[in-house]
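Listed here are the chains, written in short residue letters.
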Amino acid sequence: MDTRTNTTLLKQHLIDPAICIRCGACEAACPIQAISHDANNYVVDPSICEKCLACIPVCPTGAIDNWRMVPTARAYALDEQFGWFELPEELTPAQLAEFGAELPDEAAAADEAPQTLAQAEAALAVEPASGDSAPASPAGGYTARTPPWSAAHAYVNLYGARAAHKTVTATCVGNVRVTEVGKQYDTHHIILDFGAMPFPVLEGQSIGVIAPGLDARGQPHFARQYSVASARNGERPGYNNVSLTIKRVLEDYEGNPVRGVASNFMCDLKVGDKVEVIGPFGSTFLMPNHPKSHIVMICTGTGSAPMRAMTEWRRRLRKSGKFDGGRLLLFFGARSKEELPYFGPLLSLPRDFIDLNFAFSRTPGQPKTYVQDRLRERAADLAPLLQDANCYFYVCGLKAMENGVMQALREVAQDAGLDWAELSERLKKEGRLHLETY
Ligand SMILES: Cc1cc2nc3c(=O)[nH]c(=O)nc-3n(C[C@H](O)[C@H](O)[C@H](O)COP(=O)(O)OP(=O)(O)OC[C@H]3O[C@@H](n4cnc5c(N)ncnc54)[C@H](O)[C@@H]3O)c2cc1C
């Protein structure tokens, strides 16, 4: 626990339990394990949190971005936070004074939460951005907190704890396996129809799925997030439906056997089955809409879902003949082509429409290749795109890919003589680099 006296004030980082969908993204993003959870809530340990802000951009709902000024010695303890159903009210200046706390001046109120990439990197205790090696956990620092300037308006939280409708019931209208049957990775393309209920989504947004039944504490399961894999006008144009790309989780991150609650529920769906859904979520990982805007998509596994959505929307625009699109580059990694969702359909896309770069790490007889290797190979194309204000970069997939991808982009920039610190700050400020990993 913090040892400062009760006359000092702390701007305590808290998670709003009324909005949080318990997706775990903040806990995964925190580089120093300050965030934990029990069966009820995700919480921030005030004695560990260094306010590096790595957790802020990954939160789909904004529940993570809550702060309360408290006397340091009376910071909300973990046990207290675990029991909350909503955040406590702000303490008034009079209440703070009662605790013997000095009232904050402006500088104290700001509490030194880092705002720039350089500060975030420093707070993460990583190599400076201009250094030669990649930062240990760069995503929180590099990802943009604003969408591209030409992104369409994204609706969020239409269904959920705080909305008029707590959930919307969708119907499964399709479920097909999109990785080769018989191989280890079982990934499904699932289509949900919302019937008469409005559920507007954009490419890059996600939805929350609440699996039926109760968890170990006898409570309804927390929602799990899944990226939308279809274009904004529906998996089938003009229909009120979305598609998802879901990998059946049968092992935890350490390789121990488990049976993931929501992913198995979803992969087992039959046509006609009902699913409780919340959302939509996400207002920054959105595609540009202006003509000749280029998109570089870098993904592994189910991280292909938002890339499929963006590609499909651009394909439909191209087909209409009414949109002058820019370049599309896809860097897609998997262990083998059999484990790469949508491999067949991707190959059938015209090469003058999309520039495909696959990387397979476990093809027998072939050297291991990762997406970052492909990025380095394409440095001559990527360096100008990094500098092009009309080019937007998206990274999605397993958390483990983040560092390698960021290191490769940094090398591409530096080898072209670019100042990575300045460039990465600009990419972030202009909403041109978006990371979503889980
Ligand atoms: C923004 C966002 C978008 C996402 N989009 C997708 C998507 O498009 N497709 C998709 O399949 N998933 C996606 N996920 C992951 C998804 O939300 C679930 O975490 C995942 O399906 C596991 O949920 P579960 O209920 O099956 O497993 P749980 O019952 O929650 O977990 C079971 C065990 O597996 C571990 N585990 C959890 N997730 C994984 C994983 N991905 N790989 C290996 N072990 C895991 C847990 O630590 C736990 O030990 C996304 C997550 C986020 C935050």
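Residues numbered from 1 in each chain as written. Predicted model: local features only at pLDDT ≥ 70, side-chain atom pairs only at ≥ 80, totals over all residues. Heavy atoms only, no water.

Q: So, the nonpolar core: which residues are in play, and what are the values?
A: If you look at the biggest cluster of nonpolar residues, it comprises 31 residues, and the most contacted ones within it are Leu330 and Leu346. When contributions to this core are tallied by element, the ones reaching two or more residues are strand E11 (294-300), helix H8 (304-320), strand E12 (328-334), helix H9 (343-347), strand E13 (355-360) and strand E14 (391-397). A total of five residues in this core trace back to one element, the largest contributor, which is H8. Counting contributing residues per domain, this core is built from domain 2 (139-147 + 286-437) and domain 3 (168-281), each supplying no fewer than three. (Core = buried A, V, L, I, M, F, W, Y, C linked by side-chain atoms within 4.5 Å. Buried < 20%, exposed > 50% of the residue type's maximum accessible area, 1.4 Å probe, protein only. Helix = DSSP H or I, 4+ residues; strand = E, 2+ residues; numbered from the N terminus. Domains from an automatic or database assignment.)

Q: Explain the site of the ligand to me, using residue names and the numbers behind them.
A: Taken together, 19 residues form the shell around the ligand, and within it Gln225, Tyr226, Thr245, Ala262 and Ser263 come nearest. Here an oxygen atom of the ligand and a side-chain polar atom of Tyr226 are 2.7 Å apart. Ala262 is positioned such that a nitrogen or oxygen atom in its backbone is 2.8 Å from an oxygen atom of the ligand. Its free accessible area being 910 Å², the ligand has 83% of it covered by the protein chains. Broken down by secondary-structure element, the contributors of at least two residues to the shell around the ligand are strand E8 (224-227), strand E9 (241-247) and helix H7 (261-267). Looking at which element gives the most residues to the shell around the ligand, the answer is E8, with four residues. (Near = heavy atom within 4 Å. Polar contact = N/O pair within 3.5 Å; in protein donor to acceptor, adjacent residues only side chain to side chain. Areas by Shrake-Rupley, 256 points an atom, 1.4 Å probe, with all protein chains shown as cover.)

Q: Give me the lowdown on helix H13 (residues 420-429), citing residues and values where you can.
A: Within the sequence span of H13, burial applies to Trp420, Leu423, Ser424, Leu427 and Lys428. Around the axis of H13, the buried residues are gathered within 135° of arc, so they sit on the same side. Where H13 begins, the capping side chain belongs to Asp419, and its oxygen is found 3.1 Å from the backbone nitrogen of Ala421. Where H13 ends, the next residue or the one after it, Gly431, has phi of about 65°, a positive value. (Arc of directions from axis to C-beta.)

Q: Can you explain the packing of helix H11 (residues 379-387) against helix H12 (residues 402-415)? Please cite residues and give values.
A: Two numbers describe how H11 lies on H12: the axes approach to 9 Å, and their chain directions differ by 85°. On the basis of the axis angle, H11 is roughly perpendicular to H12. Side by side, H11 and H12 meet where Ala379, Leu382, Ala383 and Leu386 of the first sit next to Leu409, Val412 and Ala413 of the second. Here the residues of the contact of H11 with H12 are counted per class, giving seven nonpolar, no polar and no charged. (Axes fitted to C-alpha atoms, helices over the stretch in contact; angles between N-to-C directions. Parallel < 35°, antiparallel > 145°, perpendicular 65-115°, else oblique. Contact = heavy atoms within 4.5 Å. Nonpolar A, V, L, I, M, F, W, Y, C, P; charged D, E, K, R; others polar.)

Q: An account of the environment of Glu86 is needed here, citing residue identities and associated values.
A: With respect to the secondary-structure elements, Glu86 resides in the loop between helix H2 (78-82) and helix H3 (93-98). Separated by 69 residues in the primary sequence, Glu86 and Pro17 have C-alpha atoms spaced 5.4 Å apart.

Q: So what's going on with a nonpolar patch on the surface? Which residues, and what values?
A: On the surface, Tyr253, Leu398 and Tyr438 cluster together into a nonpolar patch covering about 380 Å² of accessible area. Relative to the helices and strands, Tyr253 resides in the loop between E9 and H7. (Patch = residues over 30% accessible without salt bridge, like charges linked within 9 Å, V, L, I, M, F, W, Y side chains within 5 Å. Salt bridge = Lys/Arg side-chain N within 4 Å of Asp/Glu carboxyl O.)

Q: Can you tell me about unusual backbone geometry, naming the residues and giving the values?
A: That bond from Gly279 to Pro280 is cis: its omega, -10°, falls within 30 degrees of zero. Unlike most non-glycine residues, Asn157 shows phi in positive territory, near 55°. Considering the arrangement of structural elements, one finds Asn157 in the loop between helix H6 (139-142) and strand E5 (168-177).

Q: Describe the packing of aromatic side chains, with residues and values.
A: Taken as a whole, this structure holds nine aromatic pairs when the rule is applied. When the ring of Tyr76 is compared with that of Trp84, the centres are 5.1 Å apart and the planes differ by 75°; the resulting orientation is edge-to-face. Taken as a pair, Tyr76 and Trp84 share a single burial class, namely buried. For the ring pair Phe194 and Phe199, a centre distance of 4.2 Å and an interplane angle of 5° mean the geometry is stacked. With respect to class, Phe194 is no different from Phe199; both count as buried. Among the aromatic residues, those joined into a ring-pair cluster are Phe332, Phe343, Phe358 and Phe360. Lying across the ring of Trp67, Lys11 places its NZ or CZ 5.8 Å from the centre. (Phe/Tyr/Trp six-rings, centres within 6.5 Å; stacked < 30°, edge-to-face > 60°. Lys NZ or Arg CZ within 6 Å of the ring centre and 35° of its normal.)

Any functional reading would require information beyond the geometric quantities listed.
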